[in-house]
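Close look at the chain arrangement
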Amino acid sequence: MLDKNPIQMCCWKKLQDYYLNIKNFKIIDFFKKDKNRFEKFFINFKNKIFLDFSKNLIDIKVIKLFNNLLKEMEFDKFIFLMLSGEKINVTEKRSVLHIYSRDVKGGILKKYYKNNNNLVYVLNEVTLNLKKIKKFTKEIINGIWLGYSNCKIKNIVNIGIGGSNLGPKMSVKFLSDYKNHLNIYYVSNVDVIDIKNILSKISPKNTLFIICSKTFTTLETMSNADIARDWVLNYYKNNLMSLKKHFIAVSNNFKKVYLFGIDKNNIFFIPEWIGGRYSLFSSVGLSLSLSIGYKNFSLLLKGAHDMDKHFLNNNIYNNIPIILAIISIWYNNFFNYNNELVLVYNKYMSLFPLYLQQLVMESNGKYIDRGGNLIKEYNTSSVLFGGVGTDCQHSFFQLLHQGTQIIPCDFIGEIVNIKNNINKSHYKLISNLFAQSHALAFGDEYCNYFRHDSCEYDILNKYKYFKGNRPNNILLIKNITPYSLGSIISLYEHKVFIQGFILNIFSFDQWGVELGKKISNNIYYYLNNSNVLNKNIFDKSTMNLIKIFNNFNFKKK
Ligand code: F6P
């Protein structure tokens, strides 16, 4: 597998030198220097998504140097390895082929299958899976599939966590305007409040549970699935046949699914070559397809596929994912701006930053490189957080404008919002988005709102002053549609892939979550046991906390 330490690349060194040249430049200087800066730092994706990246501390030379870095590191070869089915997820010995989950006609795949005949099976898997999703979606929406007591299904409860929850949940909300009559609920947390709240609102007779877990072993999911199964069986007086009409599995682990009691015809497959956080376009999207209908679901696939082609076919200057990836590395590694913010100016997009957190930080929050070495000399993933505008303008924006640390932002907004364009509220919303982006980049430079001539204001002016020079991107989506959602998900997936490649890490495993799971199983044993802990099994803090917990709980009994 390609293993190249980025900082030993000749182009990385050139970037370092160039950084020293331009680090004192201001965003406003770049605009003064080049009257056509906006046109040059703007990308139009099919008149549907527009990226303005002009308000950044970069110029064309920075992009050129990153382009050379990608060449020096043999990025094209890495893409080739991925798409021809090489197991680039080395530590889990898996191929990474989520691009094919939306390559419905096999256009991209046909270019690569000669290098690996198995890819033909991949296409078959995709087609069969989508056919099954389409048929099932139709049956549920049209009331053909009935519950065990012959009631039409009204409620869908998706039980899953991480990648088996965040993608579909975020998308159902994002596409609220496309929603049909079905109520879609999501249960993820092992905190019983999550599932109890939902069960209290619905009845087993018209509810379908989707147990969504690639491994079918995840503690939270299996614990909630057991609660749901008991609830249904209790209603049907322990008649196991009822499970057939009320439980669906989305998984890769057939054995565990059978053991749980789900009928083999009710299994929707997740192929091995799709990672959890990249799985929305596979069967993990089933709850989304049920919410918006298969036709819309297929438009989501189309949007993602078109963005895949955009990424694969465009040079760096016209390539949205590459541009966003290099900007992010530029700040995190050269300017040492280690956080990133995603600000969505639309309530329907509110879960998008949460979805991105898993995608970005689970993929690229790693400290061992592809050669097995500890990474000491550069930063891997930034910390990503997000919020909904305008709400967050009234909470944490103070720090964005006047804090001592600089946090680069992506603003995302919708241009034409037909449904909610009441009393020009939408215009006000977007005015805020543009205003915040402008204020962050230029401070008070253009408007002079906070400068007064009189001396008595001098001191106060210091507090009121906005230095600006805080970089940000704007992504404008023409309309919120399944197509545009598919496109921006794919866009960020590729951004993460490119960054992981440059940073020389394995983006598709997630070993960092395993230790906590193991320790928690161990602690669970001791929380369930009254005569515990005479030995020093854990540290003093953990031991004492367990004792306090047990004292209270066992006393009650
Ligand atoms: O623990 C992390 C993780 O493995 C994620 O990568 C994944 O999306 C999530 O758990 C859920 O996994 P599964 O679909 O196997 O239940």
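Residues numbered from 1 in each chain as written. Predicted model: local features only at pLDDT ≥ 70, side-chain atom pairs only at ≥ 80, totals over all residues. Heavy atoms only, no water.

1. Details of the overall build of the chain
Stated precisely, the cut-off is as follows: The helix and strand labels rest on DSSP assignments: H or I over at least four residues marks a helix, E over at least two residues marks a strand, and numbering proceeds from the N terminus. The globule rule is 2.2 Å times the number of residues to the power 0.38, and the radius of gyration it is compared with is taken over C-alpha atoms. Accessible area is worked out with a 1.4 Å probe on protein chains only. A residue is then buried under 20% of its type maximum, exposed over 50%, and partly exposed in between. For this analysis, residues touch if any pair of their heavy atoms sits within 4.5 Å. For the accessible areas, the method is Shrake-Rupley and the probe is 1.4 Å, while residue cover comes only from the protein chains on display.
Scanning the chain for helices and strands turns up 22 helices and 11 strands. Since a compact globule built from 557 residues should have a radius of gyration of about 24 Å, the 26 Å found for the chain is in line with a globular shape. Principal-axis analysis of the C-alpha atoms gives the chain an extent of 80 × 65 × 60 Å. Here the chain holds 557 residues, and 54% of them are scored as buried. Considering only contacts in the chain between residues 6 or more positions apart, those separated by 24 or more positions represent 74%. Roughly 26200 Å² of accessible area belongs to the chain as shown, and the carbon and sulfur atoms make up 54% of that amount.

2. Concerning the site of the ligand
How we decide: Being near a molecule or strand, for a residue, comes down to having at least one heavy atom within 4 Å of it. Identification of polar contacts relies on pairs of N or O atoms within 3.5 Å, with a donor-acceptor requirement for protein atoms, meaning one able to donate a hydrogen and the other able to accept it, and with residues adjacent in sequence counted only if both atoms are side-chain atoms. Ten residue types, Ala, Val, Leu, Ile, Met, Phe, Trp, Tyr, Cys and Pro, are classed as nonpolar, four, Asp, Glu, Lys and Arg, as charged, and the remainder, Gly among them, as polar.
Around the ligand lies a shell of 15 residues, among which Gly163, Ser164, Ser213, Thr215 and Thr218 are the nearest. In this structure, Gly163 approaches the ligand through a main-chain N or O atom, which is 2.7 Å from an oxygen atom. One nitrogen or oxygen atom from the side chain of Gln358 is found 3.2 Å from an oxygen atom belonging to the ligand. Out of a free accessible area of 400 Å², the ligand has 88% covered by protein chains. Classifying every residue of the shell around the ligand gives 2 nonpolar, 9 polar and 4 charged.

3. Section: helix 8 (residues 166-174)
Every buried residue of helix 8 is listed here: Gly167, Pro168, Met170, Ser171, Val172 and Phe174. Buried-residue contacts for helix 8 involve strand 4 (183-187), helix 13 (286-292), helix 16 (352-364), strand 11 (472-477) and helix 20 (482-502).

4. Quick look at the pairing of strand 11
The side chains of a regular strand alternate between the sheet's two faces. Let me state the cut-off plainly: When DSSP finds two or more bridges between a pair of strands, those strands are recorded as paired.
Burial runs high along strand 11: 6 of the 6 residues are buried. Sheet analysis places strand 2 (residues 49-52) next to strand 11, joined by 4 bridges and oriented antiparallel. Bridge pairing in strand 11 places Phe50 opposite Leu476. Two elements, strand 10 (residues 409-414) and strand 11, share 6 bridges in a ladder whose sense is parallel. Residue pairing in the sheet places Phe411 in a bridge with Ile474 of strand 11.

5. Brief notes about the environment of Phe549
By the element assignment, Phe549 lies in helix 22 (residues 540-556). Separated by 22 residues in the primary sequence, Phe549 and Leu527 have C-alpha atoms spaced 7.5 Å apart.

6. Some points on the sheet that holds strand 11
Counted only if it meets this: Comment: axis = line fitted to C-alpha atoms, over the contacting stretch for helices; angle = value between 0 and 180 degrees taken between N-to-C directions.
Read across the open sheet, the 6 strands follow the order 1-2-11-10-8-9; overall the sheet is mixed. In this open sheet, the two edge strands, each paired with only one partner strand, are strand 1 (42-45) and strand 9 (383-388). The sheet shows a mean angle of 15 degrees between the axes of neighbouring strands, taken without regard to direction.

7. Here we look at the sheet that holds strand 5 (residues 207-212)
Taken together, the 5 strands give an open sheet; going across it, the order is 4-3-5-6-7, and neighbouring strands pair in parallel fashion. Two strands close off the open sheet at either side, each with one partner strand: strand 4 and strand 7 (267-269). Sheet twist, expressed as the average angle between the axes of neighbouring strands with direction ignored, equals 20 degrees. Bridge count between strand 3 (residues 155-159) and strand 5: 5 bridges; the pairing is parallel. The partner of Val157 across the bridge, within strand 5, is Phe209. Here helix 7 (residues 119-141) sits on the sheet in contact with strand 3, strand 5, strand 6 (247-251) and strand 7, set at roughly 140 degrees to strand 7. On top of the sheet, helix 10 (residues 219-235) reaches strand 3, strand 4, strand 5 and strand 6; it is set at about 155 degrees to strand 5, its chief contact.

8. Focus: a nonpolar patch on the surface
Selection rule: Residues enter patches when they are more than 30% accessible in relative terms and free of salt bridges; like-charged ones are connected within 9 Å and nonpolar ones (Val, Leu, Ile, Met, Phe, Trp, Tyr) within 5 Å. We count a salt bridge whenever a side-chain nitrogen from Lys or Arg sits within 4 Å of a carboxyl oxygen from Asp or Glu.
Taken together, the side chains of Tyr367, Ile368 and Leu374 define a hydrophobic patch exposed on the protein surface, amounting to about 330 Å² of accessible area. Residue classification places Ile368 among the partly exposed positions, given a relative accessible area of 37%.

9. Examining the packing of helix 4 (residues 60-72) against helix 15 (residues 320-335)
Helix-helix packing: each pair is described by the crossing angle between the helix axes and the interaxial distance. So the rule is basically this: Orientation is classified from the angle alone, with under 35 degrees giving roughly parallel, over 145 giving roughly antiparallel, 65 to 115 giving roughly perpendicular, and any other angle giving oblique.
As a packed pair, helix 4 and helix 15 sit with axes 11 Å apart at the nearest point and diverge in direction by 100 degrees. What the angle tells us is that helix 4 and helix 15 run roughly perpendicular. Residues Val62, Ile63, Phe66 and Leu70 of helix 4 touch helix 15, and the partners they reach there are Ile322, Ile323, Ile326, Ile329, Trp330 and Phe334. Along the lines of polarity and charge, the residues of the contact of helix 4 with helix 15 split into 10 nonpolar, no polar and no charged.

10. Thoughts on the environment of Asn529
Along the chain, Asn529 falls in the loop between helix 21 (514-527) and helix 22. Discounting chain neighbours no more than four positions away, the residues touching Asn529 are Asn550 and Phe554.

11. Considerations on the pairing of strand 5
Summarising burial for strand 5: 6 of the 6 residues are buried, a large majority. Two strands pair when backbone bridges link them, and strand 5 and strand 6 are joined in this way by 4 bridges, in the parallel orientation. The residue of strand 6 that forms the bridge with Phe209 is Phe247.

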